[in-house]
Every structure is written in C-alpha cells, then in structure tokens.
Amino acid sequence: VLLYKISDIKKKNIDNTIDFTSGTIESYRRRFNILRNRIYQGGEAARIREVSALAEEMNMSVSYFQHVYKALYGVSVTKDIIISRIEYASYLLLNQNTTISETAAFCGYDSIEHFNRQFKKLKGCSPNEYKKSHDR
C-alpha cells in the first residue's frame, strides 16, 4: 500500500508540472502567434508597458505566460519587445525625419539614455552612428 501511495504522489507531481514537449504547449501556439505578430507591428511594442497586461490578456499568470512564450519562441517576451522597439527605431531613423529623442519616444522609451544603451547592445552602434552610417 505504501508503494502505491508513493507512486500516486509521484504521478500527481508529474501531472502538475508544465510539459513543454506535449501537445499542451502547442494548443497555445495560435493565440501566441497572433500576440507575437502584434508585438512586431511597427510601433505596437511601444504601447506595451508591462508583461502582466499581456498575461492578463491571455488569461494566464505572468510566470506561466512567460514560460509558455519562451518555450514557443526560444526568447523571452521582454526580449522580443525590446527587439521590436529597436527594429522600429531603426526604421524611423532611416526613413523618417525624426530626432533621436523623438524616435526614442515613438518607440516607448522615457529615457534617451536607456534607449541608447539598448540600441547599441542590439545594433552595435549608437542611434546617431547608425543614422550617419546609413545616410546616402
């Protein structure tokens, strides 16, 4: 009897964990693809202020939402938002007549210093250098 109880407890622990290799995670893919496409639409990422709002939109806890997102795409939702913002900033710098501070604001950054750090980390140069190197 004791062995059966231990077996039942072990089975319950396994059942309560998130199995990211099963079809369970795949059942979220369609909804998450729609969300990810929205994140990468132009300035949409600039309007996302907190991951908790996205998790609430998906009716999930923040932790579970982040685990599912990373399991599906191999990158955190926060990283995807940053990448989307910087890609949009790159587009604005090259195709619009905006200043660095205007570009930062359009992309959802309250701090130009923070914007510059993230831009340089992803693009390898400052926004100003990026704009100058692509001038025709």
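Nothing here was measured: the structure is a model prediction, and the numbers come from that model.

Looking at the packing of aromatic side chains
Using the criterion set out here, one finds ten aromatic pairs in the structure. Measuring from ring centre to ring centre gives 5.8 Å for F115 and F119, while their planes differ by 55°; the resulting arrangement is tilted. Residue F115 and its partner F119 are both found in helix 8 (residues 112-123); the two are separated by four residues, about one turn of the helix. Members of the aromatic cluster, each reached through a chain of ring pairs, are Y28, F32, Y64, F65, Y69 and Y73.

Remarks on the nonpolar core
Membership of the largest hydrophobic core comes to 20 residues, with the highest contact counts inside it found for F32, I39, L54, F65 and V77. Mapped by element, the contributors of at least two residues to this core are helix 3 (29-39), helix 4 (51-57), helix 5 (62-73) and helix 6 (77-95). Counting twelve residues, the second largest nonpolar core, distinct from the first, contains I82, L92, Y109 and F119.

Basis of the calculations
- Residues numbered from 1 in each chain as written.
- Predicted model: local features only at pLDDT ≥ 70, side-chain atom pairs only at ≥ 80, totals over all residues.
- Heavy atoms only, no water.
- Phe/Tyr/Trp six-rings, centres within 6.5 Å; stacked < 30°, edge-to-face > 60°.
- Helix = DSSP H or I, 4+ residues; strand = E, 2+ residues; numbered from the N terminus.
- Core = buried A, V, L, I, M, F, W, Y, C linked by side-chain atoms within 4.5 Å.
- Buried < 20%, exposed > 50% of the residue type's maximum accessible area, 1.4 Å probe, protein only.

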